[in-house]
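Residue-level structural notes
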Amino acid sequence: MSMHLKKQEKDHCYRMNPYITWIPIIFVLVLAFSMTLFPEAFGTVLFTAQEIMVNDLGVIMIVLDLVCIILGIYWALSKYGKIKLGNLDKPKYSNLSWGGMIFTSTMAADLIYWALFEWIYYYTESPLGIDAQTRSVSETRDIVSAYSLFHWGPLNWIFAILPGAVYAFMFYVKKRSKENISEACRPVLGKRVDGWVGILIDILCVVANFMCCSIWLRVGVPIMTSLASAIFGTPDSTAMQIVILVVIWLIYTVVTVIGMKAVKIISDIGMYLYIAILAIFFLFGPIRYIVESSVTSVGYVTQNYISMSTWMDPLRLTAQTEGGMGFPQNWTVFFIANCLIAISVVPFFIAKISEGRTIRNVILGGLFAGCLGTCSSFLVMSNFAIYQQMTGVKDYISMVEKGMSEAQVIVEVVKTIPISTILIIIILVCMTFLFVTTLDAYTLVISGFTQCNRQCGQETDLKSRFFVAVVLYITPISVTLVNTSLEQMKALITLTAYPMGILLIIILIGFHKDLKKIDMEHYDPRKGIDPEIFKD
């Protein structure tokens, strides 16, 4: 009888919410079929919507990003920054492991793509309105190198770190049992989050998570296919991309089933391999140029951060077509949106690994760890390729103009390293492990969203994790089969980000309301905060 009751209690705890589970799946299936069966019509609708939401309303994203950075710095440095998240004597993970998991839980595998190719987009465009055809060589170097740092610095990371601190506050200070984004909206929306409003919020978040995984895999897997083709002679084809997707899926499904211990091990290995990749590019590259260019780029971004953050090109002088989007709409808004759609999963993962830290430590330490990881990639790998372009060693711009794909150009960059075969193998293993870490983080969090009565801190049900691991791959395989372009994926991501921005505003307002309830004059981190003061 006792065993029967325990089984009933477990089944109740892990029962899947049919709405949050099946509605996103149906949406993803419809989206996948639409992209596969009607690619041209789907693209037309997508770009029409993008024209309205991004070209006309992109300023909303720019302002939201600036407000979040200001709020994050304020809360970290204010009296609220010393609030301890949980009752542990010391943080659950060491600073190195914690910072490594923050970096690898996002889009670390894709950084190899962006670090080695993003600069080419800026080389041929006109950031800050400085015309690409008339600017000097020095101006080109400054702008091309600096803009990548700008896009992958605080502008990008604030949407992972700030909500992460808020969710950690919800878990370890407020002691809330539910682990979903609707619960984070409770201080503003009240009991409405227990009904259809909360269900709709969580449905939106699960859909956004599916979209986010799609673009990361769509960008990264073609690189792996081209790299494998370069040394193993395997076909550089769509079929091979599907094979690599399946291999990654098999590994990450096994790791997901095992749980957080396996995620930490894979994360650590992936981080060390990534450091090895950076070391190879640095040691075999123009060391003096990389160092001096890095210092110059950091100085340029620091000096011009406000201008770069607020430049909207009102006359659209940098638009590639008449009436089209300018540079900030096409790139800055996209990179903001690319992180904004992940506020319901990456910050949850960061929150779960941040127990025992303070709000100040999570915000400032998280921003430092994230920016250090991404910016070091661009300072080393981007400058390696930029130097070759500017000194005539290789002409990557011409390769693109002649029709070579982004992945093929990246392979050409890697081949200039004397130990390119060894480097390619390291990159393939590293990207696999980093994708596994990212996808595991998504699977663990999404599976938690779909379970009705799971308590905070309980690991998600094995069946649920496996189910999410399978569903998570529907959209990436679809966009691979129809060869969805980067521009289409950018449009899809950016459109999805707007409702997520509304949720973020609600969450931050609620966090501010909660902080105001705390008597900081009598706060003792050893005793903590009575969660009863946050009851509605």
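Residues numbered from 1 in each chain as written. Predicted model: local features only at pLDDT ≥ 70, side-chain atom pairs only at ≥ 80, totals over all residues. Heavy atoms only, no water.

A tally of regular secondary structure across the protein gives 23 helices and zero strands. The C-alpha extent of the protein, read off along each of the three principal axes, is 75 × 50 × 45 Å. Counting all 536 residues of the protein, 60% fall into the buried class. Long-range pairs, those at least 24 residues apart, make up 84% of the contacts in the protein between residues at least 6 apart in sequence. Each charge class in the protein was averaged separately, 39 positive and 38 negative side chains, and the resulting centres sit 11 Å apart. (Helix = DSSP H or I, 4+ residues; strand = E, 2+ residues; numbered from the N terminus. Buried < 20%, exposed > 50% of the residue type's maximum accessible area, 1.4 Å probe, protein only. Contact = heavy atoms within 4.5 Å. Lys, Arg positive; Asp, Glu negative; His and termini not counted. Charge placed at Lys NZ, Arg CZ, Asp CG, Glu CD.)

Formed by 190 residues in total, the largest nonpolar core has its most connected members in I83, W114, F159, F169, F281 and Y442. If we skip the residues at most four places from it in the chain, F159 touches L64, D65, C68, I336, C339, L340, I343, P347 and L504. (Core = buried A, V, L, I, M, F, W, Y, C linked by side-chain atoms within 4.5 Å.)

Quick look at empty space enclosed by the protein now. Rolled over the atoms, a probe with the dimensions of a water molecule shows which regions are left empty. Counting across every chain of the model gives four cavities of 30 Å³ or more. Here the second largest cavity is characterised by a volume of approximately 70 Å³. Around the second largest cavity, the lining residues are V166, Y167, F169, M170, K174, E183, A184, P187, F511 and D514. Where the lining of the second largest cavity is concerned, the elements lending two or more residues are α8 (154-172), α9 (181-184) and α23 (486-516). Sort the elements by how many residues they give to the lining of the second largest cavity and α8 lands first, with four residues. Partitioning the lining of the second largest cavity into residue classes produces seven nonpolar, no polar and three charged. (1 Å grid on protein atoms, 1.4 Å probe; cavity = no way out; pocket = protein on both sides within 12 Å on 5 of 7 lines; lining within 4 Å. Points joined across faces, edges and corners; volume = space filled by probe spheres on them. Nonpolar A, V, L, I, M, F, W, Y, C, P; charged D, E, K, R; others polar.)

Right, let's get into a nonpolar patch on the surface. Taken together, the side chains of L57, V59, I60, V63 and V67 make up a nonpolar region of the molecular surface, amounting to roughly 360 Å² of accessible area. The topology assignment puts V63 in helix α4 (residues 58-77). (Patch = residues over 30% accessible without salt bridge, like charges linked within 9 Å, V, L, I, M, F, W, Y side chains within 5 Å. Areas by Shrake-Rupley, 256 points an atom, 1.4 Å probe, with all protein chains shown as cover. Salt bridge = Lys/Arg side-chain N within 4 Å of Asp/Glu carboxyl O.)

For the pair helix α11 (residues 196-232) and helix α12 (residues 238-258), interaxial distance at closest approach is 9 Å and the crossing angle is 110°. One element, α11, and the other, α12, form an angle in the roughly perpendicular class. Judged by residue contacts, L217, R218, V221, P222, M224 and T225 of α11 engage M240, Q241, I244, L245 and I248 from α12. Taken together, the residues that form the contact of α11 with α12 break down as eight nonpolar, two polar and one charged. (Axes fitted to C-alpha atoms, helices over the stretch in contact; angles between N-to-C directions. Parallel < 35°, antiparallel > 145°, perpendicular 65-115°, else oblique.)

The subject of this paragraph is the environment of L278. Structurally, the position occupied by L278 is in helix α13 (residues 260-283). Expressed as a C-alpha distance, the spacing of L278 and Y74, which sit 204 residues apart in the sequence, is 34 Å. Those residues in contact with L278 that lie beyond four places of it in its chain are S376, S377, V380 and M381.

Our focus in this paragraph is helix α3 (residues 39-56). Counting along an α-helix, one turn takes 3.6 residues, and residues three or four places apart therefore face a common direction. Between its first and last C-alpha, α3 extends 25 Å over 18 residues, near the 26 Å set by a 1.5 Å rise per residue. At Q50, α3 shows its maximal bend, which comes to roughly 30°. Among all positions in α3, only F42, G43, L46, Q50, V54 and N55 are buried. Its buried side turned inward, α3 meets α2 (18-37), α4, α15 (327-340) and α23. (Expected span 1.5 Å × (residues − 1). Bend = angle between axes of the 7 residues up to and from the residue.)

The next subject is α2. The terminal C-alpha atoms of α2, which comprises 20 residues, lie 28 Å apart, in line with the 28 Å expected from a rise of 1.5 Å per residue. When we look at burial in α2, the residues that qualify are I20, T21, P24, I25, V28, L31, A32 and M35. Each buried residue of α2 lies within a common arc of 130° when the element is viewed along its axis, so the set occupies one face. More than 90 degrees from the buried face of α2, the exposed residues found are V30, F33 and L37. Check the buried side of α2 and you find it contacts α3, α11, α20 (420-449), α21 (462-471), α22 (474-481) and α23. (Arc of directions from axis to C-beta.)

Mapped onto the secondary structure, L364 falls in helix α17 (residues 359-390). We classify L364 as partly exposed; its relative accessible area is 36%. For the pair L364 and G72, spaced 292 residues apart in the sequence, the C-alpha separation amounts to 8.5 Å.

Next up on the list: the pattern of salt bridges. Using the criterion set out here, one finds seven salt bridges in the structure. Here E183 makes a salt bridge to R176, at a shortest N to O gap of 3.0 Å. Assessed through its relative accessible area of 13%, R176 is described here as buried. Residue R186 is joined to E183 by a salt bridge in which the shortest nitrogen-to-oxygen separation is 2.9 Å. Residue R186 shares its accessibility class with E183, and that shared class is buried. Through salt bridges with shared partners, a single network forms among R176, E183, R186 and D194.

Our next topic: the packing of α11 against α22. The description of two packed helices rests on the angle between their axes and on the distance between the axes. Relative to each other, α11 and α22 sit at 45°, their axes nearing to 8 Å. The pairing of α11 with α22 is recorded here as oblique in orientation. Helix-helix and strand crossings are classified by hand; for α11 and α22 the assignment is right-handed. Along its contact with α11, which presents M211, C213, S214, L217 and R218, the element α22 presents T475, P476, V479 and T480. Per-class residue counts for the contact of α11 with α22 are five nonpolar, three polar and one charged. (Left-handed = near helix turned anticlockwise from the far one by under 90°.)

Our focus in this paragraph is the side chain of S148. With respect to the helices, strands and loops of the structure, S148 is situated in helix α7 (residues 137-151). Accessibility expressed as a relative area gives 1% for S148, which makes it buried. Residues contacting S148, with those up to four places away along its chain left out, are E118, Y122 and F378.

The subject of this paragraph is the packing of aromatic side chains. Given two aromatic rings, their pairing is described by the distance between the two centres and the angle made by the two planes. For the coordinates displayed, the defined rule picks out 30 aromatic pairs. Seen from their ring centres, W114 and F334 are 6.2 Å apart, and the 45° between their planes marks the pair as tilted. Note that W114 is positioned in helix α6 (residues 111-124) and F334 in helix α15, a separation of 220 residues in sequence. There is no split in this pair, since W114 and F334 are both buried. (Phe/Tyr/Trp six-rings, centres within 6.5 Å; stacked < 30°, edge-to-face > 60°.)

With that settled, the discussion passes to unusual backbone geometry. Residues other than glycine seldom take positive phi values, yet L128 does so here, at roughly 60°. Among the secondary structure elements, L128 is positioned in the loop between α6 and α7. You can call L128 partly exposed: its relative accessible area is 23%. The phi angle at K175 is positive, at roughly 60°, despite the residue not being glycine. Inspection of the secondary structure assignment puts K175 in the loop between α8 and α9. Given a relative accessible area of 42%, K175 falls into the partly exposed group.

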